[in-house]
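Architecture and fold: a report
Okay, here's what each chain looks like letter by letter:
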Amino acid sequence: MKIDDPFVQAEKDTGKVPNQKELEKELSEYLSKKYGSRIKIVSPFVFPRPGEDRTEQTPVGFGPDREGKFNMLPEDLEEYLDSYVVKQSEAKSVLATKICTHFNRIKHTAPRNSGRKSSRVGMIKNNVLMIGPTGVGKTYIVKLIAEKLGVPFVKGDATKFSETGYVGGDVEDLVRDLVYEAGEDIALAENGIIYVDEIDKIASARNIIGHDVSRTGVQRALLKPMEETDVDLKVPHDPISQIQAIEQYRKTGKKEKQVVNTRNILFIMSGAFGDLAQIIKKRLQKQGLGFEAKVTPAEVPWEILKEVTAQDLIEFGFESEFVGRLPVIVVFDELTKPDLVEILNNPNNPIIISKRLDFRSYGIDIAFETDAIEKIAEMAAAQKTGARGLVSVIEKVLIPFEKRLPSTGLKRFLVTLDVVTDPEAELRKLLAAPHEQAVRDRYDRARERELQEIESYILARAGELAARSGLRISEERTKVIAALYFETLSDINSAVEAFMDMVSEIRDEEAQWHEKLEVGLELDDGAVDEIILQAIASGQEVGPLAFQLAKRLEYGLKLVRDRSDTARFTLTREAVTDMEGFINDLIKRTYSRSCPSGQAESLEGTESPGKAARDRAADFEEDRDEP
């Protein structure tokens, strides 16, 4: 058998053994081609001396601060979810409560158990089972929670796992993936979230005799990780873990077993559970609760799932031990047409934001009329696939425009009811008269309506956003944040963060003015907001833009300073929007207080002080532009 060994080949080609750097380079390239980027060579190769302990200490903790200082409260997390997820009030409430309790309990018990094994035998972990039809936001809500909490998160599909791991994947591979997501930080991974979707697909079939071995085997394989077990990072069927173990030995000189304990890992399962409603209905009819025996509707209402019990899940096909490890059951609501309209109108929804990004990548801004939103929701509701239906409807409607409009040079596109109902005909009309004034006016009205809705949304959450940002969110500032929202094409929270960053940049620049300018200057909130608006419109950086403003006003303000006792000036919004008027008014008021009336009157008709200040500013700009 021929073996292609790059190191043997290198020796044959050069006639000498490669040095350490060449060996590292060739080994890295070989492993990268074979196993991808997860394998890396640690340089230099260090073999510890006997008795020398080089084991790295992994910091204990979780979350963004990496010190276990988890301080999220259930109401805070629920409020965060409310800004992204439409409906699902009960689901958001239960998930926010139990997940916050899970991590706060870890924080509470970690210091007491530091350095020793927990003695709390039989403690119940708040693993969650989510039941809901497709497209209601089950995966979306879990991702939002993991991102907000700052914990590592992995998602897997139950249908891809087998009991042994030789066919499909091993359920313990999810734990190993969690370590990878945590940047190989085992302590951080031990406080992560594992999300398993399509869990209903591993329920044993009820139409076969005996046990459905393949499915119940996966259930049993999940039992220990869901409670508490040690998962070995090195497994025989995974070459990557084998090589990582070798690297660990090269670094430490010790053959040690690396394991991940699942005691604090939260497991969240979800599935559609299509036939579960019939099982619950049958049970309720037998008990004479909720349904009369004679009433047999063709379609069972989804709300009946909220009556689910552990026994119903066992009859569905789950092992009793498996159901027992999922003490928290959350049932999601079906989404109706009004819910889908609300999703599309929610400024944080990723569906509309994604389409704005698609068209913005070609330099095209897109707006939606109210009738178009209503029609899209109606068409999606008919598909019975929840929010996923919204995505498919919007894509079907807009793909012809996404293909054709980038070639036309059109910069603005309005989605109307006619566009949704007959996209091909509307595309032909638009191409025939792309710059028609009536169409442009209609677009402007739609964009103005969208802006007003965004401003109202921000204003309604001003208290929450102010607490998060530490800034006062006034009615004027909602306009700035709304402008940033459309400029950055992100959600409201990201727009607020961008606003905070720009305010900080301006304030940092302002703090340096005492060294750069001959007069003392400061900006009030109105001036800061106006500078940010001008930066958005012009594409400039806010810090340099603020300095340019101050430099243009410097000469006129020096005149005022020399005529008065004022040593420091506060620039208002008017100073940014009308510099000449601001300076003229300030100088006239100063001169009228310090000069006799006749001298003050003699100022009229002479060269405007504001104009003189502007001329000096122009000289400054010319000097600054010279190489």
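Everything quoted here is computed from the prediction, not taken from an experiment.

Reading the values: the criteria
Residues numbered from 1 in each chain as written. Predicted model: local features only at pLDDT ≥ 70, side-chain atom pairs only at ≥ 80, totals over all residues. Heavy atoms only, no water. Core = buried A, V, L, I, M, F, W, Y, C linked by side-chain atoms within 4.5 Å. Buried < 20%, exposed > 50% of the residue type's maximum accessible area, 1.4 Å probe, protein only. Helix = DSSP H or I, 4+ residues; strand = E, 2+ residues; numbered from the N terminus. Contact = heavy atoms within 4.5 Å. Polar contact = N/O pair within 3.5 Å; in protein donor to acceptor, adjacent residues only side chain to side chain. Pairing = 2+ DSSP bridges. Axes fitted to C-alpha atoms, helices over the stretch in contact; angles between N-to-C directions. 1 Å grid on protein atoms, 1.4 Å probe; cavity = no way out; pocket = protein on both sides within 12 Å on 5 of 7 lines; lining within 4 Å. Points joined across faces, edges and corners; volume = space filled by probe spheres on them. Nonpolar A, V, L, I, M, F, W, Y, C, P; charged D, E, K, R; others polar. Arc of directions from axis to C-beta. Salt bridge = Lys/Arg side-chain N within 4 Å of Asp/Glu carboxyl O. pLDDT = per-residue confidence, 0-100.

A closer look at the nonpolar core
A general trend in soluble globular proteins is that nonpolar side chains are found buried together. Core analysis: the largest hydrophobic core is formed by 62 residues, its most contacted members being Met 130, Leu 398 and Phe 413. It is helix H4 (residues 89-109) that provides the largest number of residues to this core, a total of 7 residues. Apart from the residues lying within four places of it in its own chain, the contact partners of Leu 398 are Lys 355, Phe 359, Ile 366, Phe 368, Phe 413, Val 415 and Val 419. One finds Ala 462, Tyr 485, Phe 486 and Leu 517 within the second-largest nonpolar core, a separate group that totals 50 residues.

Points about the side chain of Ser 469
Examined against the element boundaries, Ser 469 turns out to sit in helix H20 (residues 462-469). Ser 469 sits in the buried class, given a relative accessible area of 13%. Polar contacts involving the side chain of Ser 469 include one to the main-chain amide nitrogen of Leu 471, which spans 3.2 Å. Those residues within four positions of Ser 469 in sequence are excluded, and the remaining contacts are Val 496 and Met 500.

Regarding the sheet that holds strand E8 (residues 266-271)
Taken in spatial order, the 5 strands line up as E2-E5-E8-E1-E9 in an open sheet, and their pairing is parallel. Strands with a single pairing partner mark the edges of an open sheet, and in this sheet they are strand E2 (153-157) and strand E9 (328-331). Neighbour-to-neighbour, the strand axes of this sheet turn through a mean angle of 20 degrees, independent of strand direction. Sheet topology note: the strand E1 (residues 128-131)/E8 ladder contains 4 bridges and is parallel. Considered in E8, the bridge of Met 130 is made with Ser 270. Sheet contacts for H4: E1, strand E5 (193-197), E8 and E9; angle to E9, the most-contacted strand, approximately 155 degrees.

What about empty space enclosed by the protein?
Counted by the stated rule, this structure contains 3 cavities of 30 Å³ or more. Residue lining of the largest cavity: 16 residues in total, with Leu 344, Asn 345, Arg 356, Glu 450 and Glu 453 positioned closest to the centre. Only helix H13 (337-345), helix H14 (350-360), helix H19 (437-460) and helix H21 (475-488) provide two or more residues apiece to the lining of the largest cavity. Take the lining of the largest cavity: its biggest share by element is 4 residues, from H19. Considered class by class, the residues forming the lining of the largest cavity number 9 nonpolar, 3 polar and 4 charged.

Describing the pairing of E5
With respect to burial, E5 is a largely interior element, 5 of its 5 residues being buried. Residues of E5 alternate between two faces, with Ile 193, Tyr 195 and Asp 197 on one and Ile 194 and Val 196 on the opposite face, all of them buried. Note: E2 against E5, 5 bridges, orientation parallel. Bridge pairing in E5 links Lys 155 to Tyr 195. The pairing of E5 with E8 spans 4 bridges and is parallel. Paired with Ile 193 across the two strands is Leu 266, which belongs to E8.

Section: helix H3 (residues 74-82)
What H3 keeps buried is the set Leu 77, Tyr 80 and Leu 81. Along the axis of H3, the buried residues cluster in a sector spanning 100 degrees; they form a single face. For H3, the elements touching its buried residues are H4, helix H5 (138-149) and helix H22 (492-511).

A short note on the pattern of salt bridges
One side chain can pair with another of opposite charge once the charged atoms of both are near each other. Across all of its chains, the model carries 38 salt bridges by this definition. Here Arg 356 and Glu 450 are joined by a salt bridge, their closest N and O atoms 3.4 Å apart. Of this pair, Arg 356 sits in helix H14 while Glu 450 sits in helix H19, and the two are 94 residues apart along the sequence. Accessibility assignment for this pair places Arg 356 and Glu 450 in one class, buried. When salt bridges that share partners are traced, they join Arg 472, Arg 477, Arg 507, Glu 510, Asp 525, Asp 529, Glu 530 and Arg 573 into one network.

A look at the confidence of the model for the protein chain
One rule of thumb: low pLDDT means the predicted coordinates there are not for detailed reading. Scored by pLDDT, the protein chain comes out at a mean of 79, with 73% of its residues at no less than 70. Across the protein chain, the element-wise mean pLDDT spans from 43 in helix H28 (residues 597-602) up to 95 in helix H17 (residues 417-421). For residues 1-15, every residue scores under 50 in pLDDT, and the model assigns this stretch 10 contacts once sequence neighbours within four places are set aside. Long-range and interchain partners of residues 623-627, a stretch whose pLDDT sits below 50, account for 1 contact in this model, where long-range means more than four residues apart.

Here's the deal with the environment of Ile 583
Summarising the element assignment, Ile 583 is placed in helix H27 (residues 579-594). On the accessibility criterion, Ile 583 (1% relative accessible area) is buried.

Remarks on unusual backbone geometry
Phi angles above zero are rare outside glycine, and Lys 384 is one such case at about 60 degrees. The class for Lys 384 is exposed, based on a relative accessible area of 67%. Located in the positive-phi region is Leu 489, a residue other than glycine, with phi close to 50 degrees. Residue placement: Leu 489 occurs in the loop between H21 and H22.

A few points about the environment of Ala 310
Of note, Ala 310 is situated in helix H11 (residues 310-316). With a relative accessible area of 39%, Ala 310 lands in the partly exposed category. Along the sequence, Ala 310 and Ile 329 sit 19 residues apart, while their C-alpha atoms lie 9.4 Å from each other.

Description of H14
Considered for burial, the residues of H14 that qualify are Ile 351, Ile 352, Ile 353, Lys 355, Arg 356 and Phe 359. The opening residue of H14, the one whose side-chain oxygen lies 2.9 Å from the backbone nitrogen of Ile 351, is Asn 349.

Section: the environment of Leu 533
Looking at the secondary structure, you find Leu 533 in helix H24 (residues 525-538). What makes Leu 533 partly exposed here is its relative accessible area of 28%. On a C-alpha basis, the gap between Leu 533 and Ala 483 in space is 7.5 Å, while along the polypeptide they are 50 residues apart. Beyond its immediate chain neighbours, meaning those up to four positions away, Leu 533 contacts Val 480 and Ala 483.

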